[in-house]
Amino acid sequence: MDLDPEQVRVAFGDDVGEVTVTPINPELRFHSVTGGVFRVSAEDGSTLVLKIVQHGLDADPGALWVSGAEPGHRNYWKREWLAFDSGLLDNLPGQLRAPRTLLTTEPTPDEAWIWMEDVEGRPGEEWPIADYASVAFDVGTTQGEYAADPPSLPAADWLAHDWLRGWVDALAHHIPLLDDDAVWSAPALQSMDPLRTRVASLWASRDDLLAIVDTALRTVVHCDLWPANLIAADDGTTVAVDWSQIGIGAVGQDLDQLTLDPVWMQVRPDTDPETLE
């Protein structure tokens, strides 16, 4: 992978000579707006992270994570780049933060690069259960600041709006799987089998529940705040990565992914969701 030497110098803040570029977790499941995530290492041991976002092409236009061309699309391809480039993520209040922006570049009209801090700390997949409470507190300090001061909410048109409703609508064609016993016989899903009836009940009440969500105070939401996107940073803050869905939503909206996703996404498959809640 060839990098522009001047961009490397600007991103590192100095002339660091030759650099090595290596993929970060090349087995990670990416959707089509992500072109790759790389660690750039200098000879002096300093590092940064380079994330490439792109207007991807999707074989299935009905896929959950299809790339959107318009700012109002739930998965607008350039949203994360704009969140870094605008300075929004460098100025979040409270204890939740994003990696520090080092440089933003646009090599082509359909590709944009985010050069960011390589955060040191403990990744969410390695957290003990006690960390979840402190992380939820940090999220609350940030989202509470926005909720307490509505004029402070960002108003950019590229921010996601009604993201949760759009996600619920996108899941509709998966709901019949709740009644498919063969699917739920898989060993990895055994611990979640008791949730099937609860999910079915939630689905039947979705319109009423979404209407309740709409009455909550508005704040900045991440919309993918599960452990794989979180780091307990060495500076005492909670760092969230992958801000591709950032938008305006309800207070508390992100907390479901700290309670259900650790089990559903097999980070803590044997943990009782009620314990996480």
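Everything in this summary refers to the structure shown in the same document. (Residues numbered from 1 in each chain as written. Predicted model: local features only at pLDDT ≥ 70, side-chain atom pairs only at ≥ 80, totals over all residues. Heavy atoms only, no water.)

Now for the overall build of the protein. Helices and strands together make up the secondary structure of the protein, namely ten helices and twelve strands. Scaling as 2.2 N^0.38, a compact globule of 277 residues should have a C-alpha radius of gyration of about 19 Å, and the protein matches this with 19 Å. For the protein, the C-alpha atoms occupy an extent of roughly 60 × 45 × 40 Å along the three principal directions. Burial statistics for the protein: of 277 residues in total, 44% are counted as buried. Of the contacts made within the protein by residues no fewer than 6 positions apart, 64% connect residues no fewer than 24 positions apart. Accessible surface, the protein: about 14,300 Å² in total, of which carbon and sulfur atoms supply 54%. Side-chain charges of the protein comprise 16 positive and 48 negative groups, with the mean position of each set lying 4 Å from the other. (Helix = DSSP H or I, 4+ residues; strand = E, 2+ residues; numbered from the N terminus. Rg over C-alpha atoms; globule rule 2.2 N^0.38 Å. Buried < 20%, exposed > 50% of the residue type's maximum accessible area, 1.4 Å probe, protein only. Contact = heavy atoms within 4.5 Å. Areas by Shrake-Rupley, 256 points an atom, 1.4 Å probe, with all protein chains shown as cover. Lys, Arg positive; Asp, Glu negative; His and termini not counted. Charge placed at Lys NZ, Arg CZ, Asp CG, Glu CD.)

This part takes up the pattern of salt bridges. Taken as a whole and assessed by the stated rule, the structure comprises eleven salt bridges. With its nearest N and O atoms 2.7 Å apart, the salt bridge here joins arginine 9 to glutamate 6. Taken together, the residues span about one helical turn, with arginine 9 and glutamate 6 both in helix H1 (residues 5-12) at a distance of three residues. The salt bridge involving arginine 196 is made with aspartate 193; its shortest N-O contact spans 3.0 Å. (Salt bridge = Lys/Arg side-chain N within 4 Å of Asp/Glu carboxyl O.)

What follows deals with empty space enclosed by the protein. Overall, the coordinates contain two cavities of 30 Å³ or more when judged by the stated rule. Of the voids in this model, the largest cavity is the one considered here, and its volume is about 90 Å³. Elements that contribute at least two residues to the lining of the largest cavity include exactly helix H4 (163-170), helix H7 (206-214) and strand E12 (247-250). A per-class count over the lining of the largest cavity returns five nonpolar, two polar and four charged. Quantified by volume, the second largest cavity comes out at close to 40 Å³. Contributing to the lining of the second largest cavity are Leu92, Leu96, Thr142, Gln143, Val220, Val221, His222, Trp243 and Asp254. (1 Å grid on protein atoms, 1.4 Å probe; cavity = no way out; pocket = protein on both sides within 12 Å on 5 of 7 lines; lining within 4 Å. Points joined across faces, edges and corners; volume = space filled by probe spheres on them. Nonpolar A, V, L, I, M, F, W, Y, C, P; charged D, E, K, R; others polar.)

Our focus in this paragraph is the layout of surface pockets. In this model, the second largest pocket occupies a volume close to 180 Å³. Contributing to the lining of the second largest pocket are Leu3, Pro5, Val8, Arg9, Asp15, Val16, Gly17, Glu18 and Val19. Residues belonging to the lining of the second largest pocket are distributed by class as follows: five nonpolar, one polar and three charged.

Following the criterion strictly, the structure yields three aromatic pairs and no others. Both rings, one in tryptophan 113 and one in tryptophan 115, keep their centres 6.0 Å apart while their planes meet at 45°; by these two values the pair is tilted. By relative accessible area, which is 10% here, tryptophan 113 ends up buried. Ring centres 5.7 Å apart and planes at 85° place the aromatic pair tryptophan 127 and tyrosine 132 in the edge-to-face group. For the pair formed by tryptophan 127 and tyrosine 132, the shared burial category is buried. (Phe/Tyr/Trp six-rings, centres within 6.5 Å; stacked < 30°, edge-to-face > 60°.)

What follows concerns the pairing of strand E2 (residues 34-42). As paired elements, strand E1 (residues 19-23) and E2 share five bridges and run antiparallel to each other. Residue pairing across strands places threonine 22 opposite arginine 39, the latter belonging to E2. Inspection of the sheet shows E2 paired to strand E3 (residues 47-54) by seven bridges, in the antiparallel sense. Bridging across to E3, phenylalanine 38 finds its partner in leucine 50. Hairpin remark: E2 followed by E3, antiparallel, with four residues in the connecting loop; positive phi at glycine 45, about 95°. (Pairing = 2+ DSSP bridges.)

This next bit is on the side chain of threonine 34. Mapped onto the elements, threonine 34 comes out in strand E2. Leave out the neighbours within four places in its chain, and threonine 34 touches Lys51, Ile52 and Gln54.

This brings us to unusual backbone geometry. At cysteine 223, a position not held by glycine, the phi torsion is positive, near 75°. Relative to the elements of secondary structure, cysteine 223 occurs in the loop between strand E9 (218-221) and strand E10 (230-233). You can call cysteine 223 buried: its relative accessible area is 2%.

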